[in-house]
Amino acid sequence: MALSRTEREQFLAEPHVAALAVNAGAEGDRAPLAVPIWYQYAPGGDIWIMTGRDSRKADLIRAADRFTLMVDRLEPTIRYVSVEGPVISTVPATREQLVEISARYLPADKVEGYVDFAWKEHGEQLVIHMRPQRWVSSDLGNV
C-alpha cells in the first residue's frame, strides 16, 4: 500500500542510511552508480547530501544534474521510500553541516571525534541539495 504524503515525508525524515543512485551512462556501458550515503531531510523541504568534491559520485551528479535516494526498513513492517529529483544547488560544505549530519547518524559521544577526523582527512566536501520531485513508496506490512 502506498504511503500518504505525510507518511512518506516523515519516514524519509528518519535517520536511515540511503541508497543513492545516479546515472553513469556517460561512462559507456556501466549501470547507474548505487552507493550508501547519509542524508538530511525535513518534511516539506529539500534533501541534502555531503560528498567529496572530486569523488566519482559528485562528478556523476554534476553530469546528470539529478539523483535518486531510496530508504527502507524491515521492522515493524517492510516499508520503503524512493525519491528522485533535480539538483538545485551545490556548495562547499561547512564544518557545521558535517556536525549536523554526523549527529543524525552517530551516538552523541562519537560526533566530535568523527567530525575532527573527517574534516581533516576526507578532503574538500560538497553539499548537494536535491528537490524531491518523484516519489515511490509502500508499506508492505508484516511478512
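Higher on the page you've got the structure.
Please read these numbers as outputs of a predicted model, since none were measured by experiment.

Thresholds applied
- Residues numbered from 1 in each chain as written.
- Predicted model: local features only at pLDDT ≥ 70, side-chain atom pairs only at ≥ 80, totals over all residues.
- Heavy atoms only, no water.
- Helix = DSSP H or I, 4+ residues; strand = E, 2+ residues; numbered from the N terminus.
- Buried < 20%, exposed > 50% of the residue type's maximum accessible area, 1.4 Å probe, protein only.
- Polar contact = N/O pair within 3.5 Å; in protein donor to acceptor, adjacent residues only side chain to side chain.
- Contact = heavy atoms within 4.5 Å.
- Core = buried A, V, L, I, M, F, W, Y, C linked by side-chain atoms within 4.5 Å.
- Salt bridge = Lys/Arg side-chain N within 4 Å of Asp/Glu carboxyl O.
- 1 Å grid on protein atoms, 1.4 Å probe; cavity = no way out; pocket = protein on both sides within 12 Å on 5 of 7 lines; lining within 4 Å.
- Points joined across faces, edges and corners; volume = space filled by probe spheres on them.
- Nonpolar A, V, L, I, M, F, W, Y, C, P; charged D, E, K, R; others polar.

Asks: Report on the side chain of His-16, specifying residues and quantitative values.
Replies: Relative to the helices and strands, His-16 resides in the loop between helix H1 (5-13) and strand E1 (18-22). The buried category is assigned to His-16, whose relative accessible area is 12%. A polar contact is formed between the side chain of His-16 and the backbone oxygen of Phe-11, at a distance of 3.3 Å. In this view, His-16 contacts Phe-11, Tyr-39, Val-71, Asp-72, Arg-73, Arg-104 and Tyr-105; residues no more than four positions away in its chain are not counted.

Asks: Which residues make up the nonpolar core, and what are the values?
Replies: Of all hydrophobic cores here, the largest spans 36 residues; its most connected members are Tyr-39, Ile-49, Phe-67 and Leu-69. Dropping the residues within four chain positions of it, Leu-69 is found in contact with Ala-18, Ala-19, Leu-20, Ile-37, Tyr-39, Ile-47, Ile-49, Val-81, Ser-82 and Val-83.

Asks: Please set out the pattern of salt bridges residue by residue, giving values where relevant.
Replies: In total, this model carries 9 salt bridges according to the counting rule given. Of the charged contacts in the structure, one is a salt bridge between Arg-5 and Glu-9, with a shortest N-O distance of 3.1 Å. Of the two residues, Arg-5 and Glu-9 are both situated in helix H1; the distance of 4 residues between them amounts to about one turn of the helix. The exposed category is assigned to Arg-5, whose relative accessible area is 55%. Glu-9 sits in the buried class, given a relative accessible area of 10%. Across the salt bridge formed by Arg-53 and Asp-54, the nearest N and O atoms sit 3.0 Å from each other. Judged by relative accessible area, which is 33%, Arg-53 ranks as partly exposed. Each of Arg-53, Asp-54 and Glu-124 takes part in a single network of salt bridges with overlapping partners.

Asks: Can you lay out the layout of surface pockets for me, pointing to particular residues and giving the numbers?
Replies: Estimated volume of the largest pocket: approximately 250 Å³. If you go around the largest pocket, you meet 14 residues; those closest to its centre are Met-50, Leu-98, Tyr-114, His-122 and Gln-125. Where the lining of the largest pocket is concerned, the elements lending two or more residues are strand E4 (47-52), helix H3 (95-105) and helix H4 (108-121). Here the residues of the lining of the largest pocket are counted per class, giving 8 nonpolar, 5 polar and 1 charged.

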